[in-house]
Amino acid sequence: MIHVKELAFRYPRCEEILHEISFDLDSGHCLALLGNNGAGKSTLIKCLNRILDPQKGIVTVQGQNVQTMKRSEIAQTIAYVAQQSEGEQLTVFDSVLLGRKPYIKMGPSEEDLAVTEQALERLALTSFALRYTDELSGGELQKVVLARALAQQPDVLLLDEPTSSLDLHNQHEVLKVVSQIARDDGIGIIVIIHDLNLALRYCDRFLLIRDGFVYAYGDASVITPKAIADVYQVEARILDVLGRKMVVVE
């Protein structure tokens, strides 16, 4: 699915932000990208779809080198949802239809409209189709942005802190949809998230970044008290609560 090998990045006149980042993610998995503020998480996912061009390394999706792909090809392969989303004077339907832009030639086809309707249905937004996005709550708007990304029909979905401005209910609602999308659609999802317990509940792969390096990568077994102390500089326990792994900070 997505293969990252020895990726490195630095901003102009700055020290290197990312150092020799390597990992693989198969279809159907949801990866939590973890680390403290400034570790390079947002920079990393922007390098994966060439919003930023890394100085070194290779990123391939389904065997294709992202560096050699056209922008339209990247948009059909990788969907990206930024950290902050703003409502605008567009209906929810038109906003989601924008996800079909990489495929539209002259005007939207019947397939484009059908894919848009399906994305709205999956995010339970059909009843919102004619509302304007600047009239929506934060949770509703986040679902619209996810629906737009789904309309791109990507192989990889990149999410930068999709729950950062959401209340408790919507945090679980959005991540539940995200993890289900990974399983049902067989796509790879990479999500930056700060809440370790949300990550443990909804993700099945974990990439911990410390000072721009990969600290650990794997399943939930890599989330240990030592890893939390090394990456976040806090002491924590790992407990089993109702059959789920849970982090409790001391």
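The rules we used
Residues numbered from 1 in each chain as written. Predicted model: local features only at pLDDT ≥ 70, side-chain atom pairs only at ≥ 80, totals over all residues. Heavy atoms only, no water. Phe/Tyr/Trp six-rings, centres within 6.5 Å; stacked < 30°, edge-to-face > 60°. Helix = DSSP H or I, 4+ residues; strand = E, 2+ residues; numbered from the N terminus. Buried < 20%, exposed > 50% of the residue type's maximum accessible area, 1.4 Å probe, protein only. Core = buried A, V, L, I, M, F, W, Y, C linked by side-chain atoms within 4.5 Å. Contact = heavy atoms within 4.5 Å. Pairing = 2+ DSSP bridges. Axes fitted to C-alpha atoms, helices over the stretch in contact; angles between N-to-C directions.

Caption draft 1: Seen up close, the packing of aromatic side chains. Scanning the entire structure with this criterion turns up two aromatic pairs. Each ring, one from F9 and one from Y11, has its centre 4.7 Å from the other, and the planes form 85°; the classification is edge-to-face. Judged by centre distance (5.9 Å) and plane angle (55°), the ring pair of F23 and Y217 falls under tilted. Placement of the pair is F23 in strand 2 (residues 16-25) and Y217 in strand 10 (residues 213-218), with a sequence separation of 194 residues. Given a relative accessible area of 28%, Y217 falls into the partly exposed group.

Caption draft 2: Looking closely at the nonpolar core. Counting 54 residues, the largest nonpolar core has L34, L157, I189, F206, L208 and I223 as its most contacted members. Tallying contributions element by element places helix 5 (residues 138-151) first for this core, with seven residues. Excluding residues within four positions of it along the chain, I223 makes contact with L34, L200, F206, L208, I228, I238, K245 and V247. Counting 29 residues, the second largest nonpolar core, distinct from the first, contains M1, I2, V59 and I192.

Caption draft 3: Highlighting the sheet that holds strand 7 (residues 156-160). Taking strand neighbours across the sheet as the criterion, the six strands line up as 6-7-8-3-9-10 in an open arrangement whose pairing is mixed. One side of each edge strand has no neighbouring strand; the edge strands of this open sheet are strand 6 (78-81) and strand 10. Going from strand to strand, the sheet's axes swing by 15° on average, the running direction of each strand aside. The pairing of strand 7 with strand 8 (residues 188-192) spans five bridges and is parallel. Counted as the bridge partner of L157 is I189 from strand 8. Each of strand 3 (30-34), strand 7 and strand 8 touches helix 6 (residues 168-185); the most contacted strand, strand 8, lies at about 155° to it. Across the sheet, helix 8 (residues 225-232) is in contact with strand 3, strand 9 (205-210) and strand 10; its angle to strand 9 comes to roughly 40°.

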